[in-house]
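Listed here are the chains, written in short residue letters.
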Amino acid sequence: MALSGVRIAGAARYAPARVVTNEDFERWLETTDEWITVRTGMKRRHWAADDEATSDFALEAAKRALEQARLRPQDVDCFIVATVTPDYAFPATACIVAAKLGAVGKAAFDIGIACSGFIYGLTVAAGLVRSGVYRRVLLVGAETLSKIVNKDDRSTAILFGDGAGAVVLEAAERDCFLASELGADGSVPQLLFQQAGGSRCPVSHASIDRGLQYIQMEGREVFKFAVTSMISATDVALARAGLTRHEIDFLIPHQANRRIIDAAVKYLELPRERVLVNLAEYGNTSAASIPIALAEAVEANRIGDNDVVLMVGFGAGLSWGAVVWRWSALR
Ligand code: UT7
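What you see is a predicted model; the values in this text were computed from it and never measured.

Engineer: With reference to specific residues and values, describe the site of the ligand.
Structural biologist: Near the ligand you find 23 residues, and of these T31, R39, R220, N257 and N284 are the closest. At a separation of 3.4 Å, a nitrogen atom of the ligand approaches a polar side-chain atom of W35. A distance of 2.8 Å is found between an oxygen atom of the ligand and a side-chain nitrogen or oxygen belonging to H254. Considered on its own, the ligand offers 950 Å² of accessible surface; in the complex 76% of this is hidden by protein. Put simply, the parts of the chain that give the shell around the ligand at least two residues each are α2 (33-40), α6 (154-157), α8 (219-241) and α9 (258-268). With four residues, the top contributor of residues to the shell around the ligand is α8. For the shell around the ligand, the class distribution of residues is 11 nonpolar, seven polar and five charged.

Next up, the structure:
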C-alpha cells in the first residue's frame, strides 16, 4: 500500500568543540557579559576551527540522525542542506554531505533562505515524501556563521554560532505534517545580508577592504520584524492546521534573541515550559537553530507521541515560516 503520510524517524545535532563565552569577547571587544546576557540571553556559542566547514557539521548530525532512525545512507533518496554558509558558493553542500556518507547518485540540493531555511526545507522535504516522489529525505540545517561574521564588530560578533541539526523524514501511514506557512519580502535585502560574494558585488580587494564579506544587519529593524512575523506565521500555520494556540505542546522558535522569543510568546499567551530555548548555549545558528533545539528535546525525551510541535523561523530575506507537526515516537 502506498503511504501518503510523513514522519520524522530520527533527529540529531552536532556543534563544534570550540566554545566562545561572553567573557571571551570582553578580551577584544568593548562589550560585557551583562550587556550580551540582558540584550540577547546568549552566554556561549560554538565556533568552527580554521579547518572545519559546514559539511563537516552537517555530516556528523546526519550520521547521528540516520543511526537513530536505524537507516543506512543508501536508504535515503534525497539529501537537503539548509544553509547560507555552504562549503563553497557551488557545488551544493548537500552533494558533499551525501558523498561523504557514501550515497553518491542520490538527489542532493541546498536551500538558502537563512534563518527560515529549516522551515522551508521541512515543508519541501515533507511535500516530496507525502507526494510519493521520495520515500526518505534527509534534511540538515547547518551553518558556520563564525566564518562570515566580523569578529571586531560587537553588534554582530556576539550573536552568531556554528552547528548543525538533522532530521530523517520517511513515508508513514499517519501524517505528521499538519500545516505550513511560508513567506518572504525581499524589498529591502540590506536589512540583513552578506553583501559581497554574489554577482552584484563579487569578492574583490575593494570589497574586502570595506568588510563587505561580513554579515551586516539593521538590528532594531530586524528585531521588530522578527516579533511580528513569528506571531503571524504561528497564527496562520495553526489556523491552517485547524488548531488553537492552546493545542501547542511545544513551540520551537528560531533562536535569534531571548527578547524576541519572550515578546512573541507573551503575545501568544503560551506557558514558558512549552517553549524550547537553547540560545544561551549556541547563540544564533541560523538554519541550524530549530533542528538543534528539536534534537535536544528528542534526546531529553521531552517530546512525546502525538504532541503538537510548532516550529517557527524568521530572518534574512526578509523571510519567515512556520510548520505544525504532530510528533510520532521514534522506533
Ligand atoms: O537570525 C536572524 C534574525 N536576527 C535577529 O532577529 C536579530 C534582531 N536584533 C536583535 O536581536 C537586537 O537588535 C540586537 C541584539 C542585535 C541589538 O540589541 P538592541 O537592544 O536592539 O541594541 P541596539 O542595536 O539598539 O544598540 C543599543 C546600544 C548601541 O549603543 P548607542 O548607539 O545606544 O550608544 C550599540 O552600539 O548598544 C550598543 N551595542 C553594544 N554594547 C555593548 C551594540 N552591541 C553591543 C555589544 N556590547 N555587544
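Still to come is the rest of the account.
Engineer: Describe the pattern of salt bridges, listing the residues and the values that go with them.
Structural biologist: Throughout the structure, instances matching the rule amount to 17 salt bridges. With its nearest N and O atoms 3.3 Å apart, the salt bridge here joins R258 to D262. In this pair, R258 and D262 are both assigned in helix α9, four residues apart and thus about one turn of the helix distant. According to the relative accessible area criterion, R258 is partly exposed, its value standing at 28%. D262 gets classed as partly exposed once you look at its relative accessible area, which sits at 26%. Bridged by salt links that share partners, the residues R7, R136 and E170 form one connected network.

Engineer: How would you summarise the domain arrangement of the chain if you had to cite specific residues and measurements?
Structural biologist: Taken domain by domain, the chain consists of domain 1 (5-175) and domain 2 (178-326). Placing a centre on the C-alpha atoms of domain 1 and another on those of domain 2 gives a separation of 14 Å. On the domain 2 side, the residues contacting the 51 residues of domain 1 number 49 residues. When the two sides are added together, the surface that domain 1 and domain 2 hide from each other amounts to roughly 3900 Å², 64% of it contributed by carbon and sulfur.

Engineer: Which residues make up the sheet that holds strand β8 (residues 177-184), and what values do they have?
Structural biologist: Ordered by their spatial adjacency, four strands build an open sheet running β8-β13-β12-β11, and the pairing between neighbours is mixed. Taken across any chain shown, the strands that pair with only one partner, and hence form the sheet edges, are β8 and β11 (250-253). Within this sheet the neighbouring strands show an average axis-to-axis angle of 10 degrees, counted without direction. Across four bridges, the pairing between β11 and strand β12 (residues 308-315) is parallel. Bridge pairing in β12 places L251 opposite L310. Set on the sheet, helix α5 (residues 117-130) makes contact with β8, β12 and β13 (319-326); between it and β8 the angle comes to about 130 degrees.

Procedures and definitions
- Residues numbered from 1 in each chain as written.
- Predicted model: local features only at pLDDT ≥ 70, side-chain atom pairs only at ≥ 80, totals over all residues.
- Heavy atoms only, no water.
- Near = heavy atom within 4 Å.
- Polar contact = N/O pair within 3.5 Å; in protein donor to acceptor, adjacent residues only side chain to side chain.
- Areas by Shrake-Rupley, 256 points an atom, 1.4 Å probe, with all protein chains shown as cover.
- Helix = DSSP H or I, 4+ residues; strand = E, 2+ residues; numbered from the N terminus.
- Nonpolar A, V, L, I, M, F, W, Y, C, P; charged D, E, K, R; others polar.
- Salt bridge = Lys/Arg side-chain N within 4 Å of Asp/Glu carboxyl O.
- Buried < 20%, exposed > 50% of the residue type's maximum accessible area, 1.4 Å probe, protein only.
- Domains from an automatic or database assignment.
- Contact = heavy atoms within 4.5 Å.
- Buried area = accessible area lost by both parts, 1.4 Å probe.
- Pairing = 2+ DSSP bridges.
- Axes fitted to C-alpha atoms, helices over the stretch in contact; angles between N-to-C directions.

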